[in-house]
Amino acid sequence: MRVRVIAGAAIAAIVLLLPLVAGPFLRYLVLNMLLLALLALSFNLLFGMTGLLSFGQGAYYAGGAYAAALLLRAGVPMLWSILLGALAAAALAAVLGAFCVRHTRIYFSMLTLAFGMLVYAVVWKWTDVTGGDDGLIGIPRGRLGLPGPLDFSLDSPVRYYLFAAILVLISMAILHRLSASPLGLALQAIRENAERAEFSGIRVRRTIYIAFVTAGLFAGLSGALLAPLEQTVSPSTAHWTKSAEPVMATLIGGPFSFLGPIVGAVVYLGLKEIIVRFTEYWLLVFGLVLLATVLTFRSGLVGAAADLIARKRRA
Amino acid sequence: MLFQGLVGLSEAMYLWLVAAGLSLIFGVMRVLNFAHGSLYMLGAYFAWVAFRISGSFWVALLAGPLLVGAAGWAMEFGFLRRVYSAPEAFQLLLTFAFVLILDDAVKLVFGPVYQSPPTPAALSGAVLIGRSILPTYHLFILGVGALVGLGLWLFLEKTSFGLVIRATAADREMARALGVRSSRLFTWVFVLGAILAGLGGALSMPVRAISPGMGEFIIIEAFVVVVLGGLGSLRGAFLGSVLIGLLHAYGLLFMPVFELALGYMAMALVLIVRPWGLFGVREG
């Protein structure tokens, strides 16, 4: 327990003190890693806990991004735009999730992918609201939106970095707390044996539905935080290649520990940053990495490290 | 109107070939092949290469699917069978890795440009039916689709190999206990599914632009089809494809803005009324 608190505090300190030493490039990269880590954690709330593989997290990511972008462009202050954006994504997840959670594993994966691409198609075609394939541009950063002296401007990149980083860290703490809560334990019981969980009084479908909507909320928050960072949003946020990123990050880091998706997001974006300097076919490289991961070490980097430590202790 | 219907039906036939393979593989092996759209794409590219070398459409139509069959063999024999004992999510992830690899590999080898070879001379004309002019090639595709459907039905219902496939789909353990060598059977079923997808791709070559993204589009459509029809049911895959094809064709005519969403709306409706699909078996 104490190790976890120290690890959490260390991560928070590194993230928050980073602007003191890092330039714009590193700051941008780290914020992207944080956003992907949050998206991957939301994905893993379903996958790691219940074994349900969602290929449609991009839908809620885009939902949050577009909702926040529209609110910011309408002049709503930052904090409220971001939170309402995340809520809009949760509402979207509440509607689509009602269809998805009626189904067991394979149907679930197909449905999340199909609904993800439905959202993509809607974003692409609904030009009046979403700007079609151009997306939305000129998203302002504006003021925070709290009363009195707290209503400062977030226009500077460093301030925006800190704002977004704090929100991501708070979300991570909530998600971590959630994994040890009754909901988290119920989800694990469902993963191990859904039938037995049902008999012991867990309402399986409702529990999964709550997890699905929660995952949509945090995926939406990640997307909502992207909009002011890039100051544009495009339909690619809803595309299945975006939904694939949290899947790959989680698999690389390891789906069976809380830290896995976070480590995976850092490694994934770090690797991508290096690979794109050599080739534009980085998806090919990640396809091969994914193939190797599935065939050889399914518990990911964190799982492999934990095995190594356990073996050393025994020796 | 008739023209639009024919276009819809011929579009449905590509979808049917992909969905049939997807459904067949799932029915027997309980593996959902995300890369099935990529195999369709490979079919188009292989057929295109065969056409460039031989100059004959018919050679291309034969070579494309067979080469995809070989690729399917490599995929099942080399990789997929190593994860049959893993949770099904990892089987899905493995086929998903192939989507990433094949899509980018095709881009790497052939470039991202849209390739469009010509329609063969014998099939490039049009036929006058009533007051509508119908392109011969579309009628040809309809014929092939119907023929494949009939062939599959005869194969599964009337041959001993088909009987073994049906037995394994119905009860894998029992079939194995009765002496079915399921690992060999799995390989052949996967190859057959791959050939069907490859045939769809090869057939699409003269009329649809060939591009690295063509697989991802059709796999999602195929998912909608198998959810509509019931995963594992070939009858469902056929009727689902026809339904989606017609919905798209007439949707484009009457409400172009909603055209893309129509298939999903049909899927959502079926999920509410019959969650296991029109011809599927109730889960659990």
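Residues numbered from 1 in each chain as written. Chains lettered and ligands numbered in written order. Predicted model: local features only at pLDDT ≥ 70, side-chain atom pairs only at ≥ 80, totals over all residues.

A. A look at the overall build of chain B. For chain B, the helix and strand inventory stands at 11 helices and 2 strands. Written out in order from the N terminus, the α and β elements of chain B read α-α-α-α-β-β-α-α-α-α-α-α-α. Here chain B has a C-alpha radius of gyration of 19 Å; the compact-globule value for 284 residues is 19 Å, and the two agree. If one aligns the C-alpha atoms of chain B with their principal axes, the spans along those axes are about 60 × 45 × 35 Å. For chain B, buried positions account for 50% of its 284 residues. Sequence separation of at least 24 residues holds for 74% of the intrachain contacts in chain B that already meet a minimum separation of 6. (Helix = DSSP H or I, 4+ residues; strand = E, 2+ residues; numbered from the N terminus. Rg over C-alpha atoms; globule rule 2.2 N^0.38 Å. Buried ≥ 20, exposed ≤ 12 C-beta atoms within 10 Å, placed from the backbone. Contact = placed C-beta atoms within 7 Å.)

B. Representation of the overall build of chain A within the structure. Scanning chain A for helices and strands turns up 14 helices and 0 strands. Ordered by position from N to C terminus, the α and β elements of chain A give α-α-α-α-α-α-α-α-α-α-α-α-α-α. Here the C-alpha radius of gyration of chain A, 19 Å, is about what a compact globule of 315 residues would show, namely 20 Å. Once the C-alpha set of chain A is aligned to its principal axes, its extents read approximately 55 × 45 × 45 Å. The buried share of chain A, reckoned over its 315 residues, is 48%. The long-range share in chain A, meaning contacts at least 24 apart out of those at least 6 apart in sequence, stands at 76%.

C. How the structure looks around helix α10 (residues 204–230) of chain A. All names here are of chain A. In this model α10 runs 39 Å from its N-terminal to its C-terminal C-alpha over 27 residues, within 8% of the 39 Å that 1.5 Å per residue would give. In terms of residue burial, α10 counts as a mostly covered element, since 19 of its 27 residues are buried. Following α10 by one or two positions, Gln231 adopts a phi angle in the positive range, close to 65 degrees. (Expected span 1.5 Å × (residues − 1).)

D. View of the packing of helix α3 (residues 57–73) of chain A against α10 of chain A. Residues and elements named next belong to chain A. Here α3 crosses α10 at 45 degrees, and the two axes come no closer than 6 Å. Taken together, the axes of α3 and α10 are oblique relative to one another. Read as a crossing pair, α3 and α10 show a hand that is right-handed. Contacts from Gln57, Tyr60, Tyr61, Ala62, Gly63, Gly64, Ala65, Ala67, Ala68, Ala69 and Leu72 of α3 reach α10 at Gly216, Ala219, Gly220, Leu221, Ser222, Gly223, Ala224, Leu226, Ala227 and Pro228. Looking at the contact of α3 with α10, its residues break down into 14 nonpolar, 7 polar and no charged. (Axes fitted to C-alpha atoms, helices over the stretch in contact; angles between N-to-C directions. Parallel < 35°, antiparallel > 145°, perpendicular 65-115°, else oblique. Left-handed = near helix turned anticlockwise from the far one by under 90°. Nonpolar A, V, L, I, M, F, W, Y, C, P; charged D, E, K, R; others polar.)

E. How the structure looks around the interface of chain A and chain B. Of the residues lining the interface, 32 residues belong to chain A; the matching set on chain B comes to 32 residues. Of all the elements in the fold, those that place two or more residues in the side of chain A that touches chain B are α5 (105–125), α11 (240–253) and α13 (282–295) of chain A. Here the element with the most residues in the side of chain A that touches chain B is α5 of chain A; it accounts for 13 residues. Residue composition of the side of chain A that touches chain B, grouped by class: 23 nonpolar, 5 polar and 4 charged.

F. Local environment of the nonpolar core. Within the largest apolar cluster, 199 residues are counted, with the highest numbers of intra-cluster contacts made by Ala114 of chain A together with Ala47 of chain B. With sequence-adjacent residues up to four places away left out, Ala114 of chain A is seen in contact with Ile220, Phe223, Val224, Tyr264 and Met267 of chain B. (Core = buried A, V, L, I, M, F, W, Y, C linked by C-beta atoms within 7 Å.)

G. The arrangement of the environment of Leu15 of chain B in detail. Mapped onto the elements of the fold, Leu15 of chain B is located in helix α1 (residues 2–29). On the basis of neighbour count, Leu15 of chain B is assigned to the buried category, with 25 C-beta atoms found within 10 Å.

H. Summary view of the packing of helix α3 (residues 57–78) of chain B against helix α8 (residues 182–204) of chain B. Residue and element names in this part refer to chain B. Where α3 contacts α8, the axes come no closer than 7 Å and their chain directions differ by 145 degrees. Crossing of α3 against α8: the hand is right-handed. Note on element contacts: α8 touches α3 through Phe186, Thr187, Phe190, Val191, Gly193, Ala194, Ile195, Ala197, Gly198, Leu199, Gly201 and Ala202, opposite Ala60, Leu61, Gly64, Pro65, Val68, Gly69, Ala71, Gly72, Trp73, Glu76 and Phe77. Its residues placed into classes, the contact of α3 with α8 shows 15 nonpolar, 7 polar and 1 charged.

I. Up close: unusual backbone geometry. Positive phi is not limited to glycine here, since Gln231 of chain A has a value of about 65 degrees. Looking at where Gln231 of chain A falls in the secondary structure, it is placed in the loop between α10 and α11. Backbone geometry places Arg30 of chain B, a non-glycine residue, at a positive phi of 60 degrees. For Arg30 of chain B, the position within the fold is in the loop between α1 and α2 (36–54).

J. The arrangement of the confidence of the model for chain A in detail. Confidence in the prediction for chain A averages 87 pLDDT; 100% of positions are at 70 or higher. Taking the mean pLDDT of every element in chain A, the minimum, 81, falls on helix α9 (residues 194–199) of chain A and the maximum, 93, on α3 of chain A. (pLDDT = per-residue confidence, 0-100.)

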